[in-house]
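Read off the chains here:
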Amino acid sequence: MKLIPTIGIEVHVQLNTMSKMFCSCRLSGQDDSKPNQYICPICIGLPGTLPTLNQKAVELALQIGHFLDAEIQEQSSFDRKNYFYPDLPKGYQITQFYQPIIRNGRLTIWLDDDNSSSIKITEAHLEEDAAKAIHPEGQPYSQIDFNRAGAPLLEIVSAPDMATPEEAKRYLTELYLLVTSIGACQGDMQKGHFKFDLNISVAEEGSTTLGTRTELKNLNSFRFAKKALEYEIDRQIYLLSSGKIVIQETRGYNEAEGKTFSQRNKEDSDGYRYFPEPDIPPLDLKTSLIDATRPDTTSSIQLRGLLQSAGLSLRVQDTILLDPKSRLLFMQTLAIFDNDPAKIKPISNWLIGEYQTIESPNLSASHLRQLIELIEASVISNNLAKEIFPDICQGRSPQDIIKERGLTQINDQSIIDSILRQVIGNNPEAVTQYQSGEQKILGFLIGQAMKETKGQANPQLIRKTLVDLLDNMLQ
Ligand SMILES: [Zn+2]
């Protein structure tokens, strides 16, 4: 029998709001904060406090929903998920269990240049984050930092729709790109802005029911997600092939050992005693508000479409899309070219090569446009452009560099003529060789002319004029 894996993913996206989900404590710009600096009676769960829903969090959730082609729910509501843990002072987390705000979405992922698959998104619901527990090494105590407690999260739940670790990695990457490209999430993985749980089961090929699943919790690296899945799939296949069973449980991943390990038996949802949150009225969204959040920002989905339409490979697309700086520069440059589709390729070509190797490049959209226009107008050759590109990436204008170094391409026919006559006069042997049929010697003569002009002559014009002159000499 052949055992086939099935993977589903739950992603927690921290929404990019100024304040927390249910209180006005600052969330954005906590970078230099001290532990427990941004807290209030609401987010540390003191009795008698009342939560107020953050409108911006709702709007960002709707935006994401639109891009996932999802059904935005006019009616949704909040519930309490009850469990005890030191980082959850209320003894419950406010989430949306019965009526999530988003249902039935889709995200298209590309596995290579030709193959895509459409991953179904069952639902996405709003909830609050817990505090951060810190366990100092060798100390007999733990510490809790509540700065993050109550941060707004959108949990995006996929159907068990993925068959390989690579597919899961592509899904995570694509979703990350989407939420960060539209500004709905700041995307700092180290700070837990984008973390995920992976559900894995294996079953016989062709089986209509899924096998017993395990859940890998709290990962925040695409690479480790793939490795953890590979390990876990092998483990489950080994268990089933040797007549053992897979226990439904939550497992962690040890990055150093490359292994998953048992953490606890999985709670059924019954164990959380969900019930409606009495302190927050149901969310009743007007169609007008839902429509108003229909985004006018350009998302990674549209950008990928543009790059694809220009015939660029998945690798090139990823290079530009996965680097926020390149992505932004691509969008800005295309915009000042009035979104001319013919410019997608030239812009991309400058962003994938040397640009990626320059540490903190300072290349502006207007300089990149200038560079492309100078090449197209034959003012400079592609080779010259490549030569001055590192300087342009230091913030200098292409035109200034060209002026300063006197680099303008020579296109003047009379100048080219006179240079070539001189080259021909200086190299009678080469001319004889050409006349006896040795075409290869052309390269040498062109090289001499280019040397004479310090590489500034238009190479196409040099070649054409040289051939004309030599052929005329023959007649
Ligand atoms: Zn607060």
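Just so it is clear, the model here is predicted, and its values are computed rather than measured.

1. Here's the deal with the sheet that holds strand E4 (residues 79-82)
- Strand order in this open sheet of three strands is E5-E4-E15, and the pairing throughout is antiparallel. On the outer flanks of this sheet lie strand E5 (92-95) and strand E15 (275-276), each paired with one strand and no other.
- For E4 and E15, the ladder comprises two bridges, and the chain directions are antiparallel. Counterpart to Asp79 in the pairing with E15 is Pro276.

2. Overview of the coordination of the zinc ion
- Looking at the zinc ion, one finds its protein donor set to be Cys23 (SG), Cys25 (SG), Cys40 (SG) and Cys43 (SG), positioned 2.3 to 2.4 Å from the metal centre.
- For the zinc ion, the four donor atoms in the first shell make angles of 101 to 114 degrees at the metal, a pattern classed as tetrahedral.
- Sequence spacing of the donors to the zinc ion: C-x1-C-x14-C-x2-C. A residue pair is termed long-range when its members are at least 10 positions apart, and Cys25 in the loop between strand E1 (3-14) and helix H1 (55-67) and Cys40 in the loop between E1 and H1 qualify at 15 residues. Judged on exposure class, the residue Cys25 and its partner Cys40 are both buried.

3. What about the domain arrangement of the protein?
- Along its sequence, the protein is carved into domain 1 (3-289), domain 2 (300-405) and domain 3 (413-474).
- Each of domain 1 and domain 2 has a C-alpha centre, and these two points are 36 Å apart.
- At the junction of the two partners, domain 1 supplies 13 residues and domain 2 supplies eleven residues.
- Taken together, the two surfaces of domain 1 and domain 2 that pack against each other cover about 1,100 Å², and 56% of this comes from carbon and sulfur.
- At the boundary of domain 1 and domain 2, one finds two salt bridges.
- Across the contact surface, domain 1 and domain 2 share six residue pairs in polar contact (both at pLDDT 80 or more).
- Mapped by element, the contributors of at least two residues to the side of domain 1 that touches domain 2 are strand E6 (102-110) and helix H2 (165-181).
- Split into classes, the residues belonging to the side of domain 1 that touches domain 2 amount to six nonpolar, three polar and four charged.

4. Concerning the packing of helix H12 (residues 413-426) against helix H15 (residues 459-474)
- Axis separation between H12 and H15 bottoms out at 10 Å; the angle between their running directions is 55 degrees. Taken together, the axes of H12 and H15 are oblique relative to one another. Regarding H12 and H15, the two cross each other, and that crossing is right-handed. Along its contact with H12, which presents Gln413, Ile416, Asp417, Leu420, Arg421 and Ile424, the element H15 presents Leu461, Ile462, Thr465, Leu466, Leu469, Leu470 and Met473.
- Split into classes, the residues belonging to the contact of H12 with H15 amount to nine nonpolar, two polar and two charged.

5. Here's the deal with the pairing of E4
- Burial along E4 is two-sided: Asp79 and Lys81 and Arg80 and Asn82, pointing in opposite directions, are all buried.
- In this structure, E4 lies alongside E5, joined through four bridges in antiparallel fashion. Note on E5: the bridge partner recorded for Asp79 is Thr95.

6. Describing the pattern of salt bridges
- Under the counting rule described, the total for this entry stands at 22 salt bridges.
- The closest approach of N and O atoms between Arg235 and Glu232, which form a salt bridge, is 2.8 Å. Here Arg235 pairs with Glu232, and both are found in helix H3 (residues 222-241), just three residues apart, close to one helical turn.
- Note on Glu232: relative accessible area 0%, which makes it buried.
- Of the charged contacts in the structure, one is a salt bridge between Glu249 and Arg251, with a shortest N-O distance of 2.5 Å.
- The exposure class assigned to Glu249 is buried, which follows from its relative accessible area of 7%.
- Take Arg251: its relative accessible area is 7%, and that puts it in the buried class.
- A single salt-bridge network, built from bridges that share partners, covers Arg170, Glu174, Arg304 and Asp318.

Reading the values: rules and limits
- Residues numbered from 1 in each chain as written.
- Predicted model: local features only at pLDDT ≥ 70, side-chain atom pairs only at ≥ 80, totals over all residues.
- Heavy atoms only, no water.
- Pairing = 2+ DSSP bridges.
- Helix = DSSP H or I, 4+ residues; strand = E, 2+ residues; numbered from the N terminus.
- Donors = N, O, S within 2.8 Å, 3.2 Å for Na, K, Ca; no water.
- Tetrahedral: all angles 85-135°; square planar, octahedral: opposite > 155°, others 65-115°.
- Buried < 20%, exposed > 50% of the residue type's maximum accessible area, 1.4 Å probe, protein only.
- Domains from an automatic or database assignment.
- Contact = heavy atoms within 4.5 Å.
- Buried area = accessible area lost by both parts, 1.4 Å probe.
- Salt bridge = Lys/Arg side-chain N within 4 Å of Asp/Glu carboxyl O.
- Polar contact = N/O pair within 3.5 Å; in protein donor to acceptor, adjacent residues only side chain to side chain.
- Nonpolar A, V, L, I, M, F, W, Y, C, P; charged D, E, K, R; others polar.
- Axes fitted to C-alpha atoms, helices over the stretch in contact; angles between N-to-C directions.
- Parallel < 35°, antiparallel > 145°, perpendicular 65-115°, else oblique.
- Left-handed = near helix turned anticlockwise from the far one by under 90°.

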